[in-house]
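Residue strings, one per chain:
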Amino acid sequence: MKQRLILLVLKGVGRLPLGAARCLGAFIGWMLYKTNARAARITKTNIALCYTGLPQAERDQLARQSLIETGRTGVEIPVLWRRKESWLRQHALEYEGVELIRRAREAGKGIIILTPHLGNWELLAATLTLHGKITFLYQPPKNSELEKYVVAARKRSQVELAPTNRRGVSMLIKALKAGEMIGILPDQVPDKGYGGVEAPFFGESALSMTLVHNLLQRTECEVLMCYALRVAGGFKVVMAPCEPDIRHSDVLIGVTALNKSVENCVQRAPAQYQWEYKRFKRRSEGAPY
């Protein structure tokens, strides 16, 4: 019953116009800040760790705006799930760095697309498939009804979903060797039993994935950062190069460069980053939450 109710709410929210969804999301985020909800406390902790040199008043302002932007993202996502691919592409109003992916495709190599939790990543599949087939690493939600809905929404033309297990990793390697694209969210804390090392993120120790490093060592592929920033009336899709050391054979150097590549993206629009995520959990020195 609970699963069906959640799905009904998502479908109802998904019918909202984009502008209305953003207004509702902004209100939800503002309420989280005003009530000092759990998400607000995590946000403040993460910002305090990552922006030690920022005055307290500016940290509070960033936390408030981050919660508003995260609220917008949360309400936008059901809207994007319900829209056709053509609608999504029409709302990608600006592009930056698209020549990077074009050159990589012309070289005939596989491409790892790293999409941090910045802006709204749900838009990216519709724009990336303009350049060819892509396989996204995907962690299914525990809600089975929701999983069916999400999978149907994400599996648009030329999109494959790879589960976060060994079979999924095999799918990623196969796609890269075939000269295709794969998409990975690089700023998630790896699950127990999966590869991870502690590396700096904004100067703070964070358990970080080694999957990207392993894929780069096993395949001759390109690697790019990609994110969709929220702008008036739609989104701006940005593609950017990664730090050169991301290809380093030393795992710690490679993962440190991966985290630095994410940092470079976040600095473009820090308020649109998902600071509400517990990025510093499961580390050896203890989590700050």
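Below is a short write-up of the structure. (Residues numbered from 1 in each chain as written. Predicted model: local features only at pLDDT ≥ 70, side-chain atom pairs only at ≥ 80, totals over all residues. Heavy atoms only, no water.)

Counting its secondary structure elements, the protein chain contains 11 helices and nine strands. In terms of overall dimensions, the protein chain is globule-like: its C-alpha atoms have a radius of gyration of 18 Å, near the 19 Å expected for 289 residues. For the protein chain, restricting intrachain contacts to residue pairs at least 6 apart in sequence, the fraction spanning at least 24 positions comes to 77%. Accessible surface for the protein chain amounts to roughly 13,500 Å². Of this, 53% is attributable to carbon and sulfur atoms. Side chains of the protein chain give 42 positive and 26 negative charges; the mean places of these two sets differ by 8 Å. (Helix = DSSP H or I, 4+ residues; strand = E, 2+ residues; numbered from the N terminus. Rg over C-alpha atoms; globule rule 2.2 N^0.38 Å. Contact = heavy atoms within 4.5 Å. Areas by Shrake-Rupley, 256 points an atom, 1.4 Å probe, with all protein chains shown as cover. Lys, Arg positive; Asp, Glu negative; His and termini not counted. Charge placed at Lys NZ, Arg CZ, Asp CG, Glu CD.)

As a further point, take the nonpolar core. Among the nonpolar cores identified, the biggest contains 45 residues, and I112, L114, I184, L215 and I246 are the most heavily contacted of them. Top element by residues in this core is helix α11 (residues 251-266). It accounts for five residues. If we skip the residues at most four places from it in the chain, I112 touches L176, I182, I184, V212, L215, L216, C221, E222, V223 and L224. Grouped together as the second largest cluster of nonpolar side chains are 41 residues, V79, W87, W121 and L185 included. (Core = buried A, V, L, I, M, F, W, Y, C linked by side-chain atoms within 4.5 Å. Buried < 20%, exposed > 50% of the residue type's maximum accessible area, 1.4 Å probe, protein only.)

This next bit is on the side chain of E276. Position of E276 among the secondary structure elements: in the segment after α11. Salt bridges are absent for the buried E276, whose nearest opposite-charge side chain, R230, sits at 9.9 Å. Separated by 3.0 Å, the side chains of E276 and S66 make a polar contact. Ignoring any residue separated from it by four or fewer positions in sequence, one finds E276 in contact with A39, I42, T43, S66, L67 and T70. (Salt bridge = Lys/Arg side-chain N within 4 Å of Asp/Glu carboxyl O. Polar contact = N/O pair within 3.5 Å; in protein donor to acceptor, adjacent residues only side chain to side chain.)

Using the criterion set out here, one finds 13 salt bridges in the structure. Here R230 and E69 are joined by a salt bridge, their closest N and O atoms 2.5 Å apart. You can see R230 sitting in strand β8 (residues 222-231) and its partner E69 sitting in helix α4 (residues 56-82), a full 161 residues away along the chain. With relative accessibility at 9%, the residue E69 sits in the buried group. A salt bridge links K109 to E222; the nearest nitrogen and oxygen atoms lie 3.8 Å apart. Of this pair, K109 sits in the loop between α6 (98-106) and β2 (111-114) while E222 sits in strand β8, and the two are 113 residues apart along the sequence. What emerges from the salt-bridge pattern is a single network uniting R22, E69, R72, E76 and R230.

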